[in-house]
Amino acid sequence: MVGNTRNMKKRTVIITGANSGIGKAASLKFAMEGHTVIMACRSLQHGSVIQDGIIAASNNKNIFLEELDASSSASIRAFCTRYRDRYGKLDILIHNAAYIDHGSPHRVNDDQIELTFATNVLGPYLLTMKLKDLLAGSNDARVLNAGSNIIKHYFNPKLELELDNLIGAYTGDKPFSVYNSYRNSKMALLMLTFRMADEFKMDGIRVYNLQINGAKMSKETLRKFTLPWWMIAGVQNLFFRPTSFMADSYYEICTSAAFSETSGKLINHRLEIMVPSKENPGIADQVRQLTGAGIYPNYADRTDMQEKLWVLCRELTAPKL
Ligand SMILES: NC(=O)c1ccc[n+]([C@@H]2O[C@H](COP(=O)([O-])OP(=O)(O)OC[C@H]3O[C@@H](n4cnc5c(N)ncnc54)[C@H](OP(=O)(O)O)[C@@H]3O)[C@@H](O)[C@H]2O)c1
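The text that follows walks through the structure, step by step, so that each part is easy to find. Bear in mind that the values here come from a model prediction, so they are computed numbers and not experimental data.

## Examining the packing of helix 1 (residues 21-32) against helix 2 (residues 44-58)
Packed helices, taken two at a time, are described by the angle between their axes plus the distance between the axes.
Here comes step 1: Their axes nearest at 9 Å, the elements helix 1 and helix 2 cross at an angle of 35°. Two packed elements cross with a definite hand, and for helix 1 against helix 2 that hand is right-handed. Residues Lys24, Ser27, Leu28, Ala31 and Met32 of helix 1 form the contact with helix 2, whose own contacting residues are Ile50, Ile54, Ala57 and Ser58.
Here comes step 2: The class makeup of the residues in the contact of helix 1 with helix 2 is 6 nonpolar, 2 polar and 1 charged.

## Concerning the state of the cysteines
Here comes step 1: In this structure the tally under the stated criterion is 0 disulfides.
Here comes step 2: The structure places no disulfide on Cys41, whose sulfur is separated from the nearest cysteine sulfur, that of Cys80, by 15 Å.
Here comes step 3: Judged by relative accessible area, which is 1%, Cys41 ranks as buried.
Here comes step 4: No disulfide involves Cys313; its sulfur sits 15 Å from that of Cys80, the nearest cysteine.
Here comes step 5: On the accessibility criterion, Cys313 (0% relative accessible area) is buried.

## Some words on the sheet that holds strand 5 (residues 141-148)
Here comes step 1: Spatially, 3-2-1-4-5-6-7 is the arrangement adopted by the 7 strands of the open sheet, whose pairing is parallel. A single partner strand is all that each edge strand has here, and the edge strands are strand 3 (63-67) and strand 7 (265-267). Neighbour-to-neighbour, the strand axes of the sheet open up by a mean angle of 20°, direction not taken into account.
Here comes step 2: Two strands pair when backbone bridges link them, and strand 1 (residues 12-16) and strand 4 (residues 92-95) are joined in this way by 3 bridges, in the parallel orientation.

## Some words on the site of the ligand
Here comes step 1: In the vicinity of the ligand lie 27 residues, with Ser20, Arg42, Tyr182, Thr221 and Lys224 positioned nearest.
Here comes step 2: Separating an oxygen atom of the ligand from a backbone N or O atom of Gly17 is a distance of 3.3 Å.
Here comes step 3: Ser20 is positioned such that a nitrogen or oxygen atom in its side chain is 2.8 Å from an oxygen atom of the ligand.
Here comes step 4: Coverage of the ligand by the protein amounts to 94% of the 890 Å² it exposes when considered alone.
Here comes step 5: Secondary structure elements with two or more residues in the shell around the ligand: helix 1, strand 5 and helix 5 (178-199).
Here comes step 6: Classifying every residue of the shell around the ligand by side-chain character gives 12 nonpolar, 11 polar and 4 charged.

Cut-off values and rules
- Residues numbered from 1 in each chain as written.
- Predicted model: local features only at pLDDT ≥ 70, side-chain atom pairs only at ≥ 80, totals over all residues.
- Heavy atoms only, no water.
- Axes fitted to C-alpha atoms, helices over the stretch in contact; angles between N-to-C directions.
- Helix = DSSP H or I, 4+ residues; strand = E, 2+ residues; numbered from the N terminus.
- Left-handed = near helix turned anticlockwise from the far one by under 90°.
- Contact = heavy atoms within 4.5 Å.
- Nonpolar A, V, L, I, M, F, W, Y, C, P; charged D, E, K, R; others polar.
- Disulfide = S-S within 2.5 Å.
- Buried < 20%, exposed > 50% of the residue type's maximum accessible area, 1.4 Å probe, protein only.
- Pairing = 2+ DSSP bridges.
- Near = heavy atom within 4 Å.
- Polar contact = N/O pair within 3.5 Å; in protein donor to acceptor, adjacent residues only side chain to side chain.
- Areas by Shrake-Rupley, 256 points an atom, 1.4 Å probe, with all protein chains shown as cover.

Below, the structure is given as structure tokens:
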């Protein structure tokens, strides 16, 4: 479902993790189309090289770089204060940055929150809430969360989102795994998408989640993985689509009229709205579930878990919001 009509108005767009991979390709895409892009990156030194390249390639001078560590509530707050002063408006917010460092040990941020959850869930929540009023002032506000087909693990009915071991030292029964934390964080981000879309309905802010099945990873990204993860990812990478493919999907979802009446949906790489799995799937549905391209685990629709997550995000950020 690709819309060939779109809002032609020039938009102001924030893209987190804009210095590499899909975020970099998306920044270039929005720049080429003449929009104002705020590249929110944790390294200004690294980001400025990419920013210069995008300005040169697009001939668009409205490409700005701002420091943002999506895992840090202090950095997010400082970013939002600067953002208000410097830009004062926002139409599109793309939560692209993610902590993916498979094989790494358990890590926490400055607030003692596990780094995968802090970066991939709490960061997008806090950043969106802090900028919500600016989004509400846009006549076509859209928030896009970068999802992953890793949530397919939740087709296993025994799998539960663990929200109890996110603060402080790791005390789980099984050895800590970034892969599992990443899987959980992407399910949590999808649940947050659904809940946030409901919460933001009255403000006219639409919220989407794009299920990414694979996009070529840079050498820098692969280097973040330890053995055997970088070998596995390196082989997968041979079959992955170029990052520009996913960048085009970001662009379609955020600008196309086809999505202007849609919110709170999971969208696949074919730009189709995905549907939840059935309670008792037949053979055909089981095959579709395995490929995961049209169906998502119905666990994501669990409103009790969405509520628990929503309250947790609010509590972990509220004192300082
Ligand atoms: N590529 C795939 O196959 C695939 C599959 C499923 C989902 N996804 C999702 O797609 C999105 C983009 O991934 P990608 O493949 O393009 O990965 P990537 O090339 O590694 O890009 C990730 C970006 O996020 C940034 N980042 C990480 N932690 C950050 C933090 N705390 N604050 C600010 N920025 C931070 C990185 O910055 P640094 O350069 O400073 O590290 C980098 O720019 C992610 O949400 C990922 O989960 C990707």
